[in-house]
Every structure is written in structure tokens, then in C-alpha cells.
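Chain residues, written in single-letter form:
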Amino acid sequence: MILLKIPPKEDVTMRFQKILFLKSISFFCLTIAVFSFSTPSVSQEFKFKKIGKSFSHPWGITVYSDNEVLITERGGNLFKVNIKNGSKIKIRNLPKVFNVRQGGLLDVLVDQNSGSKRTVYICYSSKVVNGSSTSLIVGELDENELIKKKVLFRANNVSDSGVHFGCRLAILGDEIFMSIGDRGNRFEAQDIKSHAGSIIRINKLNGSSQNLNNINSWSPELFSKGHRNPQGMAVNPKTNEIWINEHGPKGGDEINIIKLGKNYGWPIVTFGEEYWGGKVGQGITTLEGFEDPIWYWVPSIAPSGMTFYNKNMFPEFKGNLLVSSLKFKSIYLVELKDGIPTKEKVLFKNRFGRIRDIEQLKDGSILIISDEKKGGIYKIYR
């Protein structure tokens, strides 16, 4: 005889309720899964790819051809990298660099209008008597060698400091612009006889400087003064103006539109504070006779590279400014209205490490480099 154990009435009811509850949970989870699959998140709208092997503290990137870019390593190397397959060629016959702290082989820029043998400009810190200097060399790239090289410019603010070289480049017409930091001597940024804390402008072929600066008694190569450490520079394609970003101290990073003969204030006018706390100078943030920034960050984001995005792959970026951040390991989308920043959005935080420079390709995809011991090139695309 088989005995069947019949549960009490209340146990049957509870079991039935449990079954209904489990079924409702299953249906809810299935609904969420389907919704998540059919409605991608923001992160799913972007694709990411590391190109090739790692680089040691890459600093500058520039487009060389449709399928190739040039990448500098701060330690003194320059590579031509195939962005399709990740292969790289090391370039020979480079200048010797002062690779101390922030110094080394820094920015690189290809003149896209220089013909089949592309003219290459390299900004670097060079060893000189009594210290080092921010310097600019030009040459042609022949296979894997830099030929016909010559020094176009060497800053006169010689220092044994290893900080604030500036060293970002831009070409506008027949002229090349280069940023020079204050090398840690802030008051020299206001010395009109010094190249410290300046944007210089020279002829891109021979390094000459026309005496167009009739506004004041500055040296003709000085385009602007009063900068701390400008490490981002780009030409606004709509206005042909030079835009820069620069590091403040504790706060006070800035974006400025550079105008001939203008003074941008450092260290007299700044939104930054001393690293150890307290005001810089008298704590003045605006003052007649000095140019105000069009955008600033408090706290600092440590901006470096920047580009005006004008392609179609990312329509939400088009017509706006992309700024790379070292401190917050991200890209800042600075939205422009009537040519002036109005708001910002942080993108890709902590995905790539310290983002040193940013570039856009012909197809609209974006390349960034991460300034790490084992940094690299990353492609952002759809």
C-alpha cells in the first residue's frame, strides 16, 4: 500500500503563490533582457580597438597618410604606424632629446600640403648650455629616415627644470605656431624678452619671423604671452583662429583663442590656486589689459590634445571641440554655440588611461594615445 502525504490546505496555497511569483519574475527578467538588447546603451554605440602593440609614454600623434600615422615616444622615438594592421616602423636620424621628467620627444606634425615627401615638424626638449630648451626641428621623411633636417627655432628661456615645456604645434598657411611653457618660472611668462609662457609664430620653411607685431615692443616671433603650460593646440576650421588649452595649477585650466599681441595673464590673472593651498598672487580672475579664457576648469582636468571634430561618423560631435584629459583619463566634448563653449560632457572615463593626444581620421573615426609606461593607440569608431 502506497501512502500519499497530503499537505495542509494552507501549504498548497503557499506553493501555488510561489509558482506564480517565480513565473512573474521570469517574465520580468525576459522583458528586461529583450529591452536591453533592442535599446543599446550609450557605451554600445561606440566601438573601440587597440592598434598594434604598446608604446612607452606616447606623446604626439599626427596623420601621415590615409592608413598611417606618426607617433612620438617621450623617451626619444618616432614611429610610423599602419592603422590597418598595427605594424610600425622606427624612424632613424632623430634629434637627441632632454628626456627628464616632462621633457623629451614631444609633439609631431605633418604638413599635409608638402607633397609626396611629407615635411615633418617635431617639437622636443633639447640639451643646451646651462640646461634645456623647447626646440623645433623640420625635415622630410624618406622611408624610415628623417632627412634634410634643420633646427627652425630654439626658445631662449633656458632652464635646468624638467617641467612645463609646452610643445604643441599647429600650421596655418605658411606659418607654424608652437607653444612654450614657463618652465616652472611663472614670472618669466610676463617677461617680453623671454619666450617663456608664449605662443610663437614663425615661417614654416626657414624659421624667419615677420615683424607684424606693431602693437607692442615684443620680439616678432612672439604671438602671445602670459601662458603657463599650453599642451593643446588646434586651428578652428571655420574661423582660422588658433585655439589652445593650457594647464593651470590647482584649478584654472583654460581654453583660449589666441590673438596677436595679447597677454593671457599668467600668473597675474588665473582661476587656479597654489598646490599647497591659497590664492595665486592676489587671486585676480579678470583684469583690464589681459585676455579672459573662453572656458576654464576648476578643479583641473589636466588638458592636453584637442581637435575640432568636423566629420560625419559621430554627428553628435560635429562642430564641437574634443579635449583629451590626463587627470580624469577621459575625453571632454566641449559643445560650441556661435563659436564659443557653452557646456561640456565627459566621455570614455577610465577606459584608456591618461589621454595625451587626440586626432581624427578621414573616415571620421577618432584616434587617441594614452601616456602610460605601456600606453598605446586606440581607435574609436562606429
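Residues numbered from 1 in each chain as written. Predicted model: local features only at pLDDT ≥ 70, side-chain atom pairs only at ≥ 80, totals over all residues. Heavy atoms only, no water.

1. Observations concerning the overall build of the protein
We count it as follows: Secondary structure elements follow DSSP: runs of H or I no shorter than four residues count as helices, runs of E no shorter than two count as strands, and numbering proceeds from the N terminus. Only heavy atoms matter for contacts: two residues are in contact if any of them lie within 4.5 Å across the pair. The method behind every accessible area is Shrake-Rupley, applied with a 1.4 Å probe, and residues are considered shielded solely by the protein chains displayed.
Along the backbone of the protein there are 1 helix and 25 strands. Within the protein, counting contacts between residues at least 6 apart in sequence, those at least 24 apart form 57% of the total. In the form shown here, the protein has an accessible surface area of approximately 18900 Å², with 54% of it arising from carbon and sulfur atoms.

2. Here's the deal with the packing of aromatic side chains
We apply this condition: Ring pairs shown here join Phe, Tyr and Trp side chains whose ring centres sit within 6.5 Å, with only the six-membered ring taken for Trp; geometry is labelled stacked below 30 degrees between planes, edge-to-face above 60, and tilted in between. Three labels apply to residues, based on accessible area from a 1.4 Å probe with only protein chains included: buried if under 20% of the type maximum, exposed if over 50%, partly exposed otherwise in between. The criterion for a charge sitting over a ring is simple: Lys NZ or Arg CZ within 6 Å of the ring centre, and within 35 degrees of the ring normal.
Within the structure shown, the criterion is met by 16 aromatic pairs. When the centroid spacing of 6.1 Å and the interplanar angle of 15 degrees are considered together, the rings of Phe 46 and Phe 317 count as stacked. A residue pair is termed long-range when its members are at least 10 positions apart, and Phe 46 in the loop between helix H1 (9-38) and strand S1 (47-55) and Phe 317 in the loop between strand S19 (303-309) and strand S20 (320-325) qualify at 271 residues. On the basis of relative accessible area, Phe 317 is assigned to the buried category, the value being 2%. Taken together, Phe 46, Phe 48, Tyr 309, Phe 314, Phe 317, Phe 348, Phe 352 and Tyr 378 form an aromatic cluster joined through their ring pairs. The ring of Phe 55 is capped by Lys 88, whose NZ or CZ atom sits 4.1 Å from the centre of that ring. Arg 351 extends its terminal NZ or CZ atom over the ring of Phe 48, reaching a point 3.9 Å from the ring centre.

3. Section: the pattern of salt bridges
In plain terms, the rule: Throughout this description, the term salt bridge denotes a Lys or Arg side-chain nitrogen within 4 Å of a carboxyl oxygen of Asp or Glu.
Across all of its chains, the model carries 12 salt bridges by this definition. For Glu 140, the salt bridge goes to Lys 148, with nearest N and O atoms at 3.8 Å. When the shortest N-O distance is used, the salt bridge between Lys 343 and Glu 335 registers 3.9 Å. Exposure remark for Lys 343: the relative accessible area of 49% places this residue in the partly exposed category. Through salt bridges that share partners, Glu 45, Glu 316 and Arg 382 make up one connected network.

4. Comments concerning the sheet that holds S1
To keep it simple, the criterion reads: Any two strands with at least two DSSP bridges between them are considered paired. In this description, a line fitted to the C-alpha atoms serves as the axis of each element, helices being fitted only across the stretch in contact, and the angle between N-to-C directions of two axes falls anywhere from 0 to 180 degrees.
Spatially, 4 strands are ordered S1-S25-S24-S23 in an open sheet, and the strand pairing comes out antiparallel. With one partner strand each, in any of the chains shown, S1 and strand S23 (355-360) form the two edges of the open sheet. Sheet twist, expressed as the mean angle between neighbouring strand axes with direction ignored, is 20 degrees. Taken together, the 4 bridges between strand S24 (residues 366-370) and strand S25 (residues 375-381) define a ladder with antiparallel strand orientation. Pairing of Ile 368 across the sheet is with Tyr 378, part of S25.

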